[in-house]
Amino acid sequence: MFFRAPEKQILKPNDVSVFSAVGINGRLFSCPREQLNALVSRAGDPGTITGVYETERNTVVVPNLWVGSPLAPQTPLPDQEGPTAGSMSSFELMSSKDLAYQMTLYDWELFSCVHEHELLYHTFGRTTFRRTTANLDLFLRRFNQVQLWVVTEVCLCSQLSKRVQLLKKFIKIAAHCREFRNLNSFFAIIMGMSNPAVSRLSQTWEKLPSKFKKFYAEFESMMHELLYHTFGRTTFRRTTANLDLFLRRFNQVQLWVVTEVCLCSQLSKRVQLLKKFIKIAAHCREFRNLNSFFAIIMGMSNPAVSRLSQTWEKLPSKFKKFYAEFESMMDPSRNHRAYRLTVTKLEPPIIPFMPLLLKGNKTLIDSMVNFEKMRIIANTIRQVRHCRSQPFNPEICQPNKNHAEVRGYVRKLCVVDNQRALTQLSYRLEPRRT
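Everything numeric in this text was worked out from a predicted model, so none of it was measured.

> Quick question: what am I supposed to make of the confidence of the model for the chain here?
A low pLDDT means the predicted coordinates there should not be read in detail. Across the chain, pLDDT averages 75, with 67% of residues at or above 70. With pLDDT under 50 throughout, residues 41-74 is counted as low confidence; its partners more than four residues away or in other chains account for 120 contacts. A low-confidence stretch, residues 126-138 stays under pLDDT 50, and its non-local contacts, those more than four residues away or across chains, total 25 contacts.

And the structure:
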């Protein structure tokens, strides 16, 4: 367990969310402002709140990773500790194919909701943006400077004809910035031209030749507040909710595998579990659900599971061979070539291995824009578009009579989300050999 010092943050009236790095079993609590003191004053009681976020609208949102206080034992809520017994008795009766199918349905729901903008927000720092990008201050300052330069030049130009020439000039500069792949200055210029102080100059815009109006309209549609949110808006935090859920699902499936194995006390049952998970992974790959496929394989390669030598020794050689083949697809060498070759052989719809897609480079190199990162982001968005270019066909697998039960199970997986606790459970199953 770990403890997070109390913190308090005022939310603005237009904010719709608060950032909190809760884990899979993390909890958020809310209460009226007048009840806040009653919650935080019990510093000596187990269950004291660890973090406080106060709004200007008489509401308090309290993130709770582990409930406790500096003066009290850190006592998690019962459901935060995760299950104490595995659910194999339930899901061993479910078809591996049905489980994989329902997991794929759910993953597709999450994946299809992820907006392309969220990939940009996530890559550039997402919710920790303000805390972790001090080295970008100069870059952000430059963005604002270019934007204000456009507005300043236009507003200080008293002659109508000169203002029209200025608009044309800025549109040309923006076009060249895009040609040079300098998206930062490109969007700064377009945002400067869309500033109310400039956009309201109707007489000036009326004189602008139609060709330039067309270029500007194209550039403005590309902007659509895309990098405006990425490079400094605090409200962009609300726009990665779908991506967060999808990434959270990957961690949940991975921990589900580890939890079920570590909570299974019988050796023979653990062997059956490994076989079951390998079958489910195979069906996920068949359904082109690479996100759950890799989550399961990574769960099986977790140290708490991989160290169970007695269990792995009992696994039939056929399943060992399947697992070795699946694990080889996670080989990171040559920029994950094995995975990328697998993807190129698949036809959409595909649910990709999302954590790998979001793997990125530094935003700045020697205080200069990292255009390689821009290229990677663009390539990521192209891949996501390709994966979703065809709709998912829910009829690829005919549901069995326990369809509703399987569906409910995979959408509410119970896991232990503490690696230390999982490791301890693992050593109880198979103590370290002396």
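> Looking at this structure, I do not really get the environment of N402. What am I missing?
Secondary-structure assignment places N402 in the loop between α21 (371-387) and α22 (403-410). Spatially, the C-alpha atoms of N402 and M94 are 7.8 Å apart, while their sequence positions differ by 308 residues. In this view, N402 contacts L93, M94 and D98; residues no more than four positions away in its chain are not counted.

> Help me understand the packing of aromatic side chains in this model?
The relative placement of two aromatic rings is captured by the distance of their centres and the angle of their planes. Tallied over the full model, the rule gives 17 aromatic pairs. When the centroid spacing of 6.0 Å and the interplanar angle of 75 degrees are considered together, the rings of Y339 and F353 count as edge-to-face. Within this pair, whereas Y339 is found in helix α19 (residues 333-344), its partner F353 is found in the loop between α19 and α20 (354-357), the two being separated by 14 residues in sequence. One aromatic cluster is present, formed by F250, F293, F294, F319, F322, F326, Y339 and F353 through successive ring pairs. The aromatic ring of Y427 is capped on one face by R307, whose charged end is 3.8 Å from the ring centroid.

> Would you mind showing me how to read the pattern of salt bridges here?
With the rule as written, the count across this model stands at three salt bridges. For the salt bridge of E109 with R411, the shortest nitrogen-to-oxygen distance reads 2.6 Å. Separated by 302 residues along the polypeptide, E109 in helix α3 (residues 96-113) and R411 in the loop between α22 and α23 (419-429) bring together distant segments of the chain.

> Can you help me understand the nonpolar core in this one?
Counting residues in hydrophobic clusters, the biggest one holds 73 residues, and the most contacted among them are W256, F277, I280, F294, I296 and M300. Counting residues per element, this core draws most heavily on helix α13 (residues 241-262), which supplies 11 residues. Among the nonpolar cores identified, the runner-up in size contains 27 residues, and I171, C177, F187 and Y216 belong to it.

> Sorry, what's going on with unusual backbone geometry here?
Where the residue is not glycine, phi is negative for most of them; where a peptide bond is considered, it is trans in most cases. A cis amide bond links P348 to the next residue, P349, at an omega of 10 degrees. Note that P349 resides in the loop between α19 and α20. The residue R288 is not glycine, and still its phi comes out positive at about 65 degrees. Take R288: it is sitting in the loop between α14 (267-286) and α15 (290-300).

Scoring rules and cut-offs
Residues numbered from 1 in each chain as written. Predicted model: local features only at pLDDT ≥ 70, side-chain atom pairs only at ≥ 80, totals over all residues. Heavy atoms only, no water. pLDDT = per-residue confidence, 0-100. Contact = heavy atoms within 4.5 Å. Helix = DSSP H or I, 4+ residues; strand = E, 2+ residues; numbered from the N terminus. Phe/Tyr/Trp six-rings, centres within 6.5 Å; stacked < 30°, edge-to-face > 60°. Lys NZ or Arg CZ within 6 Å of the ring centre and 35° of its normal. Salt bridge = Lys/Arg side-chain N within 4 Å of Asp/Glu carboxyl O. Core = buried A, V, L, I, M, F, W, Y, C linked by side-chain atoms within 4.5 Å. Buried < 20%, exposed > 50% of the residue type's maximum accessible area, 1.4 Å probe, protein only.

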